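# Structure assessment
Each chain, letter by letter, is given below.
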Amino acid sequence: MKIKIIALAVALFSANNALATENISLDMYRQLLPKDSAGQIDYDLHLADKLSLPYHCNIKQDSEGRYEIDLDNCEHHDLDWKKDRSSLVKLDLLGDSSDATMVEHKLWAMAFAQAYVSTMIQMQFGLDKENGTFDLQRPFGVGESFGNYFARNMGPNYFVSKGLQESSLGRDLPAPSEEGDDGVLQIEYPGSAWSELQGTGGGGFPRIFGMMQPKKILDSFSGPARNIIGSAVTSGFYNGSVIGINTGSLPWDKNKTDTTVRIQDFIQGSKDKDTLAMVMSYMYNRGPYSVKELLLKSEQSFQHCMALTDHLESDPACFVQLNDFGTRYIRQIPYVTQMLNEASKKEETRYETQLTRLDVSNYFDLLARYGFYSNAEMAKAKPAAMARFDELAKNGEISWSHDFAKVLEALMVELPVTQFAEKSPIDESMVSTLTNSDDQRLFLSVADNVGTIVSHDWLEPNAKIALMPGSQVQQAAFENGAGMDCATLIQDQLSSLGGAAPVHLFIQQENGQCSLSQEGDETPSEKPGIPQNLQASNITTTTVALSWKKVAGDVARYQVYRNGELLESPQSESFTDSNLKPGTAYVYQVAAEFSNGLVSELSASLNVKTLADDADETPAPGDVRPWAEGTVYKAGDRVSFNGKTYSCLQAHSAIVGWDPVSVPALWKLESAR
């Protein structure tokens with residue numbers, strides 16, 4: 001049985017906001033909180049007030065060539081919450097009006113606190129890590145517990161610092177009539193960050209954001225108090241998202257098969273006190289992959305950077321040294337965060353306000369109205385939180401700094417924590433499956449029989465997903481499918497089979513059409529994908545080291561060809577060809593072979609020339625020598641690498657992974673040799 005379809009309309013999302021989730025216990029939550037000197041839980045929230053803050057600072061180089069904040073060239077923001085944000089704001093959302101109002105600074109303060117605890121919970125318990133992301137039983141590299149370290153790096157003041165850089169807090173918004181406002185905390189839409197959260201970039205936290213409207217959540221002209229709640233809480237989930245990508249909890253690799261995913265170990269072991277705020281700020285501007293490509297690109301970089309006690313951000317082996325926004329954020333956001341933290345310890349520069357029962361009730365209602373939690377989930381959690389409010393209240397009010405975190409605790413242990421990874425293998429004797437048999441990724445949105453979104457993400461080539469009884473496939477589009485949607489085809493097939501027994505479906509593209517087959521159909525097996533990104537490194541007079549991207553699926557081995565003849569069949573994605581002739585040109589190609597014997601087409605050709613006999617002894621014209629590990633280079637030195645010439649930008653000693661291609665901060669490409 002094989003069915004084809006030429007084109008279908010793009011499927012519309014129609015499910016509700018229910019999520020596949022689980023809760024954390026009160027004990028689990030309290031493990032995350034900071035402790036005082038006596039070891040007791042410290043519930044106090046800290047937010048600075050009444051001080052002038054530098055932001056939008058320029059970057060300058062010091063005498064050692066390191067970039068630092070140029071505090072003489074900054075804009076300044078005079079922070080005074082009650083003076084500048086004391087008006088009543090209507091709690092209207094896009095398409096959802098309300099008669100409720102709140103004093104604006106109270107809304108900001110509660111949102112910053114919510115973003116803090118939400119980020120903390122998602123980072124620790126929202127990822128697919130046994131016992132949580134970080135080891136809560138041992139101190140961080142700077143000697144602090146998780147709670148104290150996290151509150152200092154990413155407490156409410158962090159979100160103020162972040163909001164200053166490009167946001168309404170920093171007064172950077174365009175006029176209301178202009179398009180493209182991307183929110184109080186600069187979570188962009190419809191570009192990278194919101195797409196990441198929705199899964200259209202290949203991962204993120206798709207389930208919670210897949211059904212939401214970016215303009216409703218983030219646009220500063222569409223929500224109360226410039227939409228601070230939507231931006232702050234979204235930012236909290238996004239922080240968890242980028243950590244997930246770099247811990248292996250989310251299936252992103254951006255064609256990187258040779259990098260570690262131990263950012264949790266790096267953050268916990270780092271000797272620099274600002275590492276968490278620094279790393280999060282860098283990824284905020286540079287994207288989720290940036291630390292994989294720098295801090296995590298090799299074991300040498302990992303260990304070297306983790307051992308630095310200060311100036312982590314200025315080491316060229318750890319972060320690219322450029323005068324750009326990423327370089328500014330990695331310095332300014334942690335710097336201002338710590339400035340705010342210090343100010344919030346002093347009575348005269350500490351924010352405090354009293355919250356009424358109506359303030360807190362309206363805030364919790366807003367969380368559900370935005371869609372971060374369903375009405376049913378909030379209806380269960382809110383009474384527990386309000387009961388805690390009543391226990392703490394004096395004259396019908398509570399303190400924001402001393403009591404609100406206790407009310408949030410009662411709320412958060414009743415609200416679900418979204419889980420974002422498979423917890424167990426699929427039992428194909430019990431449930432139906434859909435396998436992506438194509439060499440392109442398939443974007444898949446599926447709801448279960450009660451409307452819970454169970455998938456809103458990419459299905460990689462040769463990967464499969466379980467389809468529980470009653471599943472509703474809402475969207476199924478190949479990455480290069482030009483708008484073609486296969487959802488109706490899959491859903492019709494599932495419905496026609498009636499669900500009496502599990503079925504196993506396979507989907508692919510054929511001649512611009514969706515093609516669906518069932519296990520047992522007589523359809524040709526798919527060949528492996530063609531190996532991509534074939535590269536050569538460490539070229540000597542007699543050897544060439546080859547590497548290429550891993551091919552998805554059941555690959556048993558690869559076939560390496562030299563000058564059109566099969567040379568070797570390695571099982572890994574690398575091979576070193578030896579016993580070559582000096583100064584000789586060679587052509588390499590690679591194919592992938594599945595366990596069933598099917599072989600892919602050959603990769604694109606790679607032309608390589610070995611070095612001449614005298615390459616190590618005789619400098620090339622212009623004093624160009626081959627790059628070599630262990631060599632001490634100074635600024636201005638010139639080397640050849642992979643047939644190209646580079647000049648050294650900063651003095652350093654070369655180690656594995658610091659070659660001119662991998663570390664552009666150290667080397668500048670001049671020209672082909």
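Reference entry: report on the structure contained in this document. Just so it is clear, the structure is predicted and the values come from calculations on it, not from any experiment.

Our next topic: the state of the cysteines. Taken as a whole and assessed by the stated rule, the structure comprises 3 disulfides. Two residues share a disulfide in this structure: C57 and C74, whose sulfurs sit 2.1 Å from each other. On the S-S bond that ties C57 to C74, the torsion sits near 110 degrees, and the link is right-handed. Here the residue C57 occupies a position in the loop between strand 3 (51-55) and strand 4 (58-61), and C74 occupies one in the loop between strand 5 (67-70) and strand 6 (75-79), the gap between them amounting to 17 residues. In this model C305 forms its disulfide with C318; the gap between the sulfur atoms is 2.1 Å. What sets the handedness of the C305 and C318 disulfide is the S-S torsion sign, and at about -105 degrees it is left-handed. Here the residue C305 occupies a position in helix 13 (residues 299-306), and C318 occupies one in the loop between helix 13 and helix 14 (325-343), the gap between them amounting to 13 residues. In the protein, the bonded cysteines, numbered by position in the sequence, are linked as 1-2, 3-4, 5-6.

Moving on: the packing of helix 16 (residues 375-392) against helix 17 (residues 400-412). Angle between the axes and distance between the axes are the two parameters that describe a pair of packed helices. Orientation of helix 16 relative to helix 17, taken along the N-to-C sense of each, is 150 degrees, at an axis distance of 7 Å. Accordingly, the angle class assigned to the pair helix 16 and helix 17 is roughly antiparallel. The chirality of how helix 16 crosses helix 17 is right-handed. Between helix 16 and helix 17, the residues in contact are M378, A381, K382, A384, A385, R388, F389 and L392 and D403, K406, V407, A410 and L411, respectively. Its residues assigned to classes, the contact of helix 16 with helix 17 comprises 9 nonpolar, no polar and 4 charged.

Glancing now at the sheet that holds strand 24 (residues 585-594). The sheet built from 4 strands is open, its strands ordered 22-21-24-25 with antiparallel pairing. Each edge of the sheet is formed by a strand with only one pairing partner; in this case those strands are strand 22 (565-568) and strand 25 (606-609). Taking the axes of each pair of neighbouring strands and ignoring which way they run, one obtains an average angle of 40 degrees across the sheet. Looking at chain direction, strand 21 (residues 555-562) and strand 22 are connected through 3 bridges and run antiparallel. Paired with Y561 across the bridge in strand 22 is L566.

Under the counting rule described, the total for this entry stands at 22 salt bridges. In this structure, the salt-bridge partner of D274 is R152, at a minimum N-O distance of 3.6 Å. Of this pair, D274 sits in the loop between helix 10 (263-269) and helix 11 (275-286) while R152 is found in helix 4 (residues 146-154), placing the two residues 122 residues apart along the sequence. You'll find D274 and R152 in the same group, each marked buried. What emerges from the salt-bridge pattern is a single network uniting E144, R152, K273 and D274.

Let's shift gears to the packing of helix 3 (residues 104-125) against helix 15 (residues 357-370). Where helix 3 contacts helix 15, the axes come no closer than 11 Å and their chain directions differ by 55 degrees. Taken together, the axis directions place helix 3 and helix 15 in an arrangement best described as oblique. Helix 3 and helix 15 meet at a crossing whose hand is right-handed. On the side of helix 3, the interface is formed by K106, L107, M110, A111 and Q114, while helix 15 contributes D359, V360, Y363, L366 and L367. Looking at side-chain class alone, the contact of helix 3 with helix 15 contains 7 nonpolar, 1 polar and 2 charged residues.

For helix 4, a buried count of 7 out of 9 residues is recorded, marking the element as mostly surrounded by other parts of the structure. Of all the positions in helix 4, only F146, G147, Y149, F150, R152, N153 and M154 are classed as buried. Where the residues of helix 4 are buried, they touch helix 3, helix 5 (156-165), helix 9 (228-245), helix 10, helix 11 and helix 14.

Take the pairing of strand 4 next. Judged from the 4 bridges that link them, strand 4 and strand 5 form a sheet pairing that is antiparallel. Its bridge partner being in strand 5, I59 is matched across the sheet by I69.

It is worth spelling out the side chain of T435 at this point. Turning to its location among the elements, T435 is positioned in strand 12 (residues 432-436). By relative accessible area, T435 is classed as buried at 7%. In contact with T435, other than residues within four places in its own chain, are N462, A463, K464, L505, F506 and I507.

Along the chain, the position of F237 falls in helix 9. With a relative accessible area of 1%, F237 lands in the buried category. A C-alpha to C-alpha distance of 10.0 Å links F237 and F372, two positions 135 residues apart in sequence.

Definitions and limits used
- Residues numbered from 1 in each chain as written.
- Predicted model: local features only at pLDDT ≥ 70, side-chain atom pairs only at ≥ 80, totals over all residues.
- Heavy atoms only, no water.
- Disulfide = S-S within 2.5 Å.
- Helix = DSSP H or I, 4+ residues; strand = E, 2+ residues; numbered from the N terminus.
- Axes fitted to C-alpha atoms, helices over the stretch in contact; angles between N-to-C directions.
- Parallel < 35°, antiparallel > 145°, perpendicular 65-115°, else oblique.
- Left-handed = near helix turned anticlockwise from the far one by under 90°.
- Contact = heavy atoms within 4.5 Å.
- Nonpolar A, V, L, I, M, F, W, Y, C, P; charged D, E, K, R; others polar.
- Pairing = 2+ DSSP bridges.
- Salt bridge = Lys/Arg side-chain N within 4 Å of Asp/Glu carboxyl O.
- Buried < 20%, exposed > 50% of the residue type's maximum accessible area, 1.4 Å probe, protein only.

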